[in-house]
Structures are given as structure tokens and as C-alpha cells.
Amino acid sequence: MVSFAGINFKNRVTLASGTCGFGREIAELYDLSRLGGICTKGVTLLPRLGNLPPRVAETPAGMLNSVGLQNPGVEAFVRDELPFLRGFDTKIIANFSGESPEEFAKIAAILVEGGVDMLEVNISCPNLHAGGTAFGTDPVASFEVTYAVKEAAKGVPVMVKLTPNVTDIAAIAVACEKAGADALSLINTLLGMRIDLKTGKPILANVTGGLSGPAVFPVALRCVWQVARAVKLPIMGLGGISDVDTAREMLLAGATMLSIGTAQFRNPLIPLEIIDGLGE
Amino acid sequence: MSSAVRQIAENIYSLEAYAPELAKSAQPGQFAHIDCGGSAYLRRPLSVCDVSEESGFVRFVFELKGEGTRQLANSQYQISEPQVGRALGKGFPEVDGRVLLIGGGLGAAPLLFAARRCGADAVLGFANGKRAILIPEFSAACGTVNVFTDDGSLGKAGVVDLSGVDLSQYSAVFACGPKAMLRNCQLMLAKEQLPLYVSMEEHMACGYGACLVCVCATKKGYSRVCKDGPVFESGAIIW
């Protein structure tokens, strides 16, 4: 049992948002109750179609994705997906994003009403009110979103997911802590791109995408280390964890909980192997 | 020996891998998501071309394109059953009656597996004779086989054409190949009361429907090629 932000998890391992959908496909492979928790696919207030394909490009030791938050909207998530997930003995951490602090708060209220265990606030998305820069790259905007979500969360723990695409990630972490966050998860993907030599054009239709996989692990580890020394909040570490050894390193850097993402695409059972390997 | 690979055409290879569970469970049109080993990080989706339930071997045909397929094409490299994995995706439907198979290039591969399971005729198109694949196998499995090549070096010259085909004898058409060919099939068959099922292709990451990177545009929005497909009813696709 691991205590994290006031919640007791049966083990330290969760699935990372965006890599496990709403759990249905993973449930065909193993019992979701074996997991500490599931960070569900990011939802928005309204349904989103997502970006044009191609949405994926392979990279050395990883991949780029530009899914673009394709999701059925928060209401459909609560109505159609949450009851299924509630059939398993695991913690449901709902990832979501909005276009303003008010919208974040509105979505948080719907998720809390729906009965999720924890909120994961994705502040890597663009702030439309501030001309499209990501909330998570600005300490003031990060504070405002965290504060608004915390107000709406009615005591449900609020975890803010940090982007590594900043100069000083510790400064953002401190802003989230001051705003009342209960935990932090990091890192989200690193912004990158690839070009197809045959066409001379970017591989991703969206031009840029998020880099994930073992390639980003050293960056994730560095970020967790820096944030762990800047705030008192507990940390869910993620970014390139692909085996028991990298999981242990992440815990040594200062994480209490772990999230496994891209490594599942190579071996969907790797979260269970890491749970067993950590002796949990 | 758990796998064997050999070149069968210009830049095209045939891989037979020991994967008895997959051999037993795979349906035509389904694929395996193969961990190629080496430095390719993501798995590679390859359609099942043929199975032998007796020997437990599954056959795939692939083009040498990059790191992953280079590893697969290495005859010294052995692929294990876990690397091959399970049968994925939604394949071709079971159809009462005869089926017309339309294959373009590597797209012929999954149609051979379909030909094994139903009464079928085939129309196959290739860039040229050096790139033609599986013609003896189709000839053995099908009633008639018509071959087209872009340069006329094998069979008839030109792209796949159905003008000489009596479509009334078929209950359905299964097609797999380049997107332009599939779109052309949709146009050629638009006026026929004949269901057309197409197998789509996209780069994948998870291969089992969780990550949403391999989508194609359908009338229901973006559908997952790996889970909702790869086989779709052609009318559902936004061409």
C-alpha cells in the first residue's frame, strides 16, 4: 500500500494518460485491478476529433505523437466509460484539459460529481485567452488553473501534470504548490518533429508532436529530481520508464508513484512486470 | 528454428514464424504487431498472409523499408512467438457465396489468407513483374487470377481494371492495396449492389486500440485502423 496525496494505492504503478485509452483495450489483456491506478485519456469539455493523420513518427528509442486530444468529451466519459472502470479495484485518475481556468474548473466539477478518485490537470495545452501559449509554461497561468480546479474539486486530490518544455520546471512546480495542488505528475512529452526525406515534409500532419519513450527518460529523471527538491508535494514520475531498473531510478530521483506509458506499446504487460519487479 | 525468411520479389520478403496460437486464431484480414528487435522501438503491423494450423507457422509478406523490416529480413535473425504476438484487428467478414479479391502490391498478402477460407477469384495489380508476389499461391487457391502491371511486364498493362469481370457471380469484394487503388475500387463498384470491404493501412504505435495514432477518417469521425479496422466497409470511409 502506498499513500499518495491522501489516497491509498495498492502499488506504485499507474498507466499514463493517453497510452491506455479508458482501459477497455488493456482489460482484454489483464485484470486492471492489478494496477495501482489508471490515468485515463485526457478529456475536454466538448468532444474533440483530434488532429489530422499521420499522428505518429518513430524516433530513436521512442516516438512522436500528435493525437490532438481526440476524446468524446467529459460528459460521455462520465456516462459511458467511468462505470466500466469502476468495475475494477484500482484508482481512477482522470486527466483533463481546458482552454481557460473557468473551463478547467467546470470540467473538474463534472469529473468529481462523476466519482473519480483523483484529478490530473493537463496544463500543457494552449491557453486560448493568452494567445495560445501553454498554461504550463507560465507560473502565473499554472497557478490560476490549479487554484480554479482546487476550488471545484471538493476535496478530491488535484495532481497537476507538468510539461518539460520550460526553462525552469521547478518554478512552475512551486506555483502549483502555492495554488493548492495535492500532487504533481511529470513529465508530459517533449515537443519534437521529424521530416520525411522522400517528400521533404514533416512526417506529422500537425508538424510537431510529443516525444516519448526511453529517449526522454534522462530528461524526466532530471525534472523529477529538480522538482522534488523545490516542493514538498508528492510526485508521480513518468517519461520513458521501460523496465524495473528505470522505475527504481525514478523512485530514487524523488517520485512516490510511477506512470508507465509508451513502453506498453512494445510490451503491454510491462506495467505488471514492473509491479512484480518492485516487489509490490 | 522459430522463423525463416526469404526474398520473393524485388525488395519484398516472405517471413514464416512459429506462432501456433496465432495460426489457430487468426482470421483473414487480421494482423500481427511484430517486435522486430534491434533498434526499431515500435512494433510493425504485418497482415497475416497464410497460416498452417498443422505446423503452427504463420506467413507474412513485407517490403524492406527501414530499421524494423531490415531486422526481419536478416536470415540470421530468429523471431520468437512473443515477438509475433496475437491476432489483432477486425478482419474480413464471413460471406456466403463467392468473393472477388482485388489486391495491389503488398496488399495481395492478406487476400491470399482470405482466398483459403472462401471461394474466390482474384485481380492483382503490381508495379512490374519483378515486384509481383504470390501468383502461384493465388492460382492454386482461386478460380481465376487476372494480373495487371503498371508497365505491362507481366499480365495486362495498366492499373487494376474490372471491365471484363462478371460481377454478378460475387457476394462481396475484398480489396487491399494502395489508397489510390482502394478509392478506385470504391468508384468502380459505386453503382453495384455489391458490398466492398477494404483493408486500410496506417503507421501504428500500440496496435490494440488504446493510443489513437493510427486513425483514418470515417463517417463516424476518426476510426482506429488497428481496432475498428483494418478492414472497413468501404462506404464508411471518407475517401
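Quick caveat, the model's predicted, so the values are computed rather than measured.

Looking at the overall build of chain A
And step 1. A count of helices and strands for chain A gives nine helices and 16 strands.
And step 2. On C-alpha atoms alone, chain A measures out to a radius of gyration of 17 Å, which is about the 19 Å that the 2.2 N^0.38 rule sets for 280 residues.
And step 3. C-alpha extents for chain A along the principal axes are approximately 50 × 45 × 40 Å.
And step 4. Relative to its full complement of 280 residues, chain A shows a buried share of 57%.
And step 5. Relative to all contacts within chain A whose residues are 6 or more apart in sequence, the contacts with residues 24 or more apart total 70%.
And step 6. As presented, chain A carries roughly 10900 Å² of accessible surface, and 55% of it is formed by carbon and sulfur atoms.
And step 7. Separation of charge centres in chain A, based on 23 positive and 27 negative side chains, amounts to 2 Å.

A word on the overall build of chain B
And step 1. Across its full length, chain B carries six helices and 15 strands.
And step 2. By principal-axis analysis of the C-alpha atoms, chain B measures approximately 45 × 40 × 35 Å.
And step 3. Counting all 239 residues of chain B, 54% fall into the buried class.
And step 4. The long-range fraction of contacts in chain B, counting pairs at least 24 apart against all pairs at least 6 apart in sequence, stands at 59%.

Let's talk about the pattern of salt bridges
And step 1. If you walk through the whole model with that rule in mind, you get 18 salt bridges over all chains.
And step 2. Among the ionic pairs, A:Asp276 bridges to A:Arg34, the shortest N-O distance being 3.4 Å. Residue A:Asp276 is found in helix H9 (residues 270–277), and its partner A:Arg34 is found in the loop between helix H1 (24–27) and strand E4 (37–43); the two are separated by 242 residues along the sequence.
And step 3. Overall, A:Arg34 belongs to the partly exposed group, its relative accessible area being 37%.
And step 4. Here B:Glu21 and B:Lys24 are joined by a salt bridge, their closest N and O atoms 3.9 Å apart. Placement of both B:Glu21 and B:Lys24 in helix H1 (residues 20–25) is noted, with a separation of three residues, approximately one turn of the helix.
And step 5. Among the residues examined, B:Glu21 registers a relative accessible area of 52% and is labelled exposed.
And step 6. Each of the salt bridges in this network shares a partner with another, and the network as a whole consists of A:Glu25, B:Arg224 and B:Asp228.

Focus: the environment of A:Asn206
Residue and element names in this part refer to chain A.
And step 1. Along the chain, the position of Asn 206 falls in the loop between strand E13 (201–202) and strand E14 (209–212).
And step 2. Asn 206 sits in the partly exposed class, given a relative accessible area of 36%.
And step 3. Sequence separation between Asn 206 and Ile 92 is 114 residues, and the spatial gap between their C-alpha atoms is 30 Å.
And step 4. Among residues more than four places away in sequence, those in contact with Asn 206 are Asn 51 and Ser 66.

Digging into a nonpolar patch on the surface
All names here are of chain A.
And step 1. Residues Met 193, Ile 195 and Val 207 make up a contiguous nonpolar surface patch of about 250 Å² in total accessible area.
And step 2. Relative to the helices and strands, Ile 195 is located in strand E12 (residues 195–196).
And step 3. For Ile 195, a relative accessible area of 47% translates into the label partly exposed.

Re the interface of chain B and chain A
And step 1. On the side of chain A, 31 residues touch chain B, which itself brings 24 residues to the contact.
And step 2. For the pairing of chain B and chain A, the buried interface totals around 2400 Å² over both sides, and the portion due to carbon and sulfur atoms is 56%.
And step 3. Together, B:Tyr41, B:Tyr208 and B:Tyr222 form the three largest contributors to the area buried by chain B at its contact with chain A, with a combined 35%.
And step 4. One can count four salt bridges joining chain B with chain A.
And step 5. Applying the counting criterion to the chain B and chain A interface returns 12 residue pairs in polar contact (both at pLDDT 80 or more).
And step 6. The element contributing the most residues to the side of chain B that touches chain A is strand E14 (residues 221–224) of chain B, with three residues.
And step 7. Residue classes in the side of chain B that touches chain A are distributed as 13 nonpolar, five polar and six charged.

Side note on the packing of helix H3 (residues 101–114) of chain A against helix H4 (residues 139–152) of chain A
All names here are of chain A.
And step 1. Two elements in contact, H3 and H4, have axes whose closest approach is 8 Å; the angle formed by their N-to-C orientations is 30 degrees. In terms of their interaxial angle, H3 and H4 are classed as roughly parallel. Relative to H4, H3 is oriented so that their crossing is right-handed. Judged by residue contacts, Pro 101, Phe 104, Ala 105, Ala 108, Ala 109 and Val 112 of H3 engage Glu 144, Val 145, Ala 148, Val 149 and Ala 152 from H4.

Examining helix H6 (residues 179–188) of chain B
All names here are of chain B.
And step 1. Along H6, the positions that sit buried rather than exposed are Met 181, Leu 182 and Cys 185. Looking down the long axis of H6, one finds its buried residues gathered within 100 degrees of arc, a one-sided arrangement. H6 presents Ala 180 and Leu 187 as exposed residues on the side facing more than 90 degrees away from its buried surface.
And step 2. Summarising the contacts, the buried residues of H6 are in contact with strand E7 (98–104), strand E11 (170–176) and strand E12 (196–199).

Quick notes on H4(A)
Residue and element names in this part refer to chain A.
And step 1. Taking 1.5 Å per residue, 14 residues should reach 20 Å; H4 reaches 20 Å between its end C-alpha atoms and fits that length.
And step 2. For H4, the secondary structure elements touched by its buried residues are strand E7 (91–96), H3, strand E8 (118–122), strand E9 (158–161) and helix H5 (169–178).
And step 3. Lys 154, located one to two residues past H4, shows a positive phi value of around 50 degrees.

Looking at the pairing of strand E6 (residues 57–63) of chain B
Residues and elements named next belong to chain B.
And step 1. Most of E6 sits inside the fold, with six of its seven residues counted as buried.
And step 2. Here seven bridges tie strand E2 (residues 12–18) to E6, and the two strands are oriented antiparallel to one another. Residue Ser 14 lies in a different strand from E6, and its bridge partner there is Val 61.
And step 3. Inspection of the sheet shows strand E5 (residues 50–52) paired to E6 by three bridges, in the antiparallel sense.

Some remarks on the environment of B:Gly56
Residues and elements named next belong to chain B.
And step 1. As for its placement among the helices and strands, Gly 56 is situated in the loop between E5 and E6.
And step 2. Judged by relative accessible area, which is 3%, Gly 56 ranks as buried.
And step 3. Separated by 36 residues in the primary sequence, Gly 56 and Pro 20 place their C-alpha atoms 3.9 Å from one another.
And step 4. Not counting residues up to four positions away in its chain, the partners in contact with Gly 56 are Ala 17, Tyr 18, Ala 19, Pro 20 and Ala 23.

About the criteria used
- Residues numbered from 1 in each chain as written.
- Chains lettered and ligands numbered in written order.
- Predicted model: local features only at pLDDT ≥ 70, side-chain atom pairs only at ≥ 80, totals over all residues.
- Heavy atoms only, no water.
- Helix = DSSP H or I, 4+ residues; strand = E, 2+ residues; numbered from the N terminus.
- Rg over C-alpha atoms; globule rule 2.2 N^0.38 Å.
- Buried < 20%, exposed > 50% of the residue type's maximum accessible area, 1.4 Å probe, protein only.
- Contact = heavy atoms within 4.5 Å.
- Areas by Shrake-Rupley, 256 points an atom, 1.4 Å probe, with all protein chains shown as cover.
- Lys, Arg positive; Asp, Glu negative; His and termini not counted.
- Charge placed at Lys NZ, Arg CZ, Asp CG, Glu CD.
- Salt bridge = Lys/Arg side-chain N within 4 Å of Asp/Glu carboxyl O.
- Patch = residues over 30% accessible without salt bridge, like charges linked within 9 Å, V, L, I, M, F, W, Y side chains within 5 Å.
- Buried area = accessible area lost by both parts, 1.4 Å probe.
- Polar contact = N/O pair within 3.5 Å; in protein donor to acceptor, adjacent residues only side chain to side chain.
- Nonpolar A, V, L, I, M, F, W, Y, C, P; charged D, E, K, R; others polar.
- Axes fitted to C-alpha atoms, helices over the stretch in contact; angles between N-to-C directions.
- Parallel < 35°, antiparallel > 145°, perpendicular 65-115°, else oblique.
- Left-handed = near helix turned anticlockwise from the far one by under 90°.
- Arc of directions from axis to C-beta.
- Expected span 1.5 Å × (residues − 1).
- Pairing = 2+ DSSP bridges.

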